[in-house]
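# Results of the structural survey
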Amino acid sequence: MILETERLVLRPFTPSDVDLLVWLLGEPLVMRHIDDGKPVPRDRVEREVLPRVVGGGSGWWAAHERATGAFIGWFELSAAGDGVAELGYRLHPGSWGRGYATEGAKALVEHGFAAGLTKVVATAMVVNTGSRRVLEKVGLRHVRTFHGDWPDPVEGAEHGDVEYELVR
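If you look the chain up in an unreviewed UniProt entry, it shows as GNAT family N-acetyltransferase from Saccharothrix xinjiangensis.

## Topic: the packing of helix α4 (residues 100-114) against helix α5 (residues 129-138)
Contact geometry for α4 and α5: axes closest at 9 Å, N-to-C directions at 45°. In terms of their interaxial angle, α4 and α5 are classed as oblique. For the element pair α4 and α5, the recorded crossing hand is right-handed. Packed against α4, whose contacting residues are A101, T102, A105, K106 and V109, the element α5 presents V134, K137 and V138 at the interface.

## Side note on the pairing of strand β3 (residues 60-65)
Every regular strand shows the same layout, with side chains that alternate between the two sheet faces. Taken across its 6 residues, β3 has 6 buried, putting it largely inside the fold. Residues W60, A62 and H64 line one face of β3 and the alternating positions W61, A63 and E65 line the opposite face, and both faces are buried. Examined bridge by bridge, β3 and strand β4 (residues 71-81) share 5 bridges and lie antiparallel to one another. Bridging from a neighbouring strand, A62 pairs with W74 of β4. Where β3 hands over to β4, the hairpin turn is made up of 5 residues, of which G69 adopts a positive phi near 80°.

## Some details on the pairing of β4
In terms of burial, β4 is a largely internal element, 8 of the 11 residues being buried. In this structure, β4 lies alongside strand β5 (residues 84-91), joined through 8 bridges in antiparallel fashion. Each bridged residue has a counterpart across the sheet, and for F75 the counterpart in β5 is Y89. Following β4, the chain reverses through 2 residues before pairing antiparallel with β5; D82 in that reversal takes a positive phi of roughly 55°.

## Here we look at the packing of aromatic side chains
One pass over the full model with this rule turns up 5 aromatic pairs. With centroids separated by 6.3 Å and ring planes inclined at 50°, the aromatic side chains of F75 and Y89 adopt a geometry described as tilted. Taken together, the positions of F75 in strand β4 and Y89 in strand β5 put the pair 14 residues apart, joining distant regions of the chain. Here F75 matches Y89 in class, with each residue buried. An aromatic cluster is defined as three or more aromatic residues linked by ring pairs; in this entry it consists of F13, W23, W60, F71 and W74. For the cation-ring pair, R144 lies above F146, with the distance from its terminal atom to the ring centre recorded as 4.3 Å.

## Some thoughts on helix α1 (residues 18-25)
Taken as a whole, α1 has its buried residues at V18, L21, V22, L24 and L25. For α1, the angular spread of buried residues about the axis comes to 165°, placing them on one side. Each element contacted by the buried residues of α1 is listed here: α2 (28-31), α3 (42-53), β4 and β5.

## Observations regarding unusual backbone geometry
Notably, D82 is not glycine yet its phi reads approximately 55°, a positive angle. The residue D82 is located in the loop between β4 and β5 in this model. Note on D82: relative accessible area 80%, which makes it exposed.

## Regarding the pattern of salt bridges
Taken as a whole and judged by the stated rule, the model has 11 salt bridges. Between E48 and R44 there is a salt bridge, and its shortest N-O distance comes to 3.2 Å. Taken as a pair, E48 and R44 lie in helix α3 at a separation of 4 residues, close to a single helical turn. E48 sits in the partly exposed class, given a relative accessible area of 36%. The class for R44 is partly exposed, based on a relative accessible area of 25%. Note that K119 is salt-bridged to E165, the shortest N-O span being 3.4 Å. Here K119 is found in strand β6 (residues 119-125), whereas its partner E165 is found in strand β8 (residues 161-167), with 46 residues between them in sequence.

What counts and how
Residues numbered from 1 in each chain as written. Predicted model: local features only at pLDDT ≥ 70, side-chain atom pairs only at ≥ 80, totals over all residues. Heavy atoms only, no water. Axes fitted to C-alpha atoms, helices over the stretch in contact; angles between N-to-C directions. Helix = DSSP H or I, 4+ residues; strand = E, 2+ residues; numbered from the N terminus. Parallel < 35°, antiparallel > 145°, perpendicular 65-115°, else oblique. Left-handed = near helix turned anticlockwise from the far one by under 90°. Contact = heavy atoms within 4.5 Å. Buried < 20%, exposed > 50% of the residue type's maximum accessible area, 1.4 Å probe, protein only. Pairing = 2+ DSSP bridges. Phe/Tyr/Trp six-rings, centres within 6.5 Å; stacked < 30°, edge-to-face > 60°. Lys NZ or Arg CZ within 6 Å of the ring centre and 35° of its normal. Arc of directions from axis to C-beta. Salt bridge = Lys/Arg side-chain N within 4 Å of Asp/Glu carboxyl O.

See below:
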């Protein structure tokens, strides 16, 4: 299945997308608020990431500019159980500030609700104001702020994380 918005094409990942994932996840600015805050090396992308994002119904979507076909990042709407799915996105910095994150996230939320979801949730670091702004523009509301026990906390982790949700 392919989803199209005014400016984006979202499609399932394939095994041949490994170089795109290496490019995206190897960018320090993309990874600074995620996991251990470090770029993901190619061997980990091949061993851990690619198998997770490839496959029917995996919930991950490769995002391309509709006009140029350029890969800009990914969107995720992964089942969390009982009609709930988690929304996420990672866009390359060259695509930031253009409204792509809001456009793609909104399309996935609408797609998810049309497919029977009852709730969409998302988390972000408190200091990740750009991502939080996107979640709010898509209609998700702040539920709580919490402090996780992260094995390799990144800069800003001391401020905690936030959880957002949108109920159909």
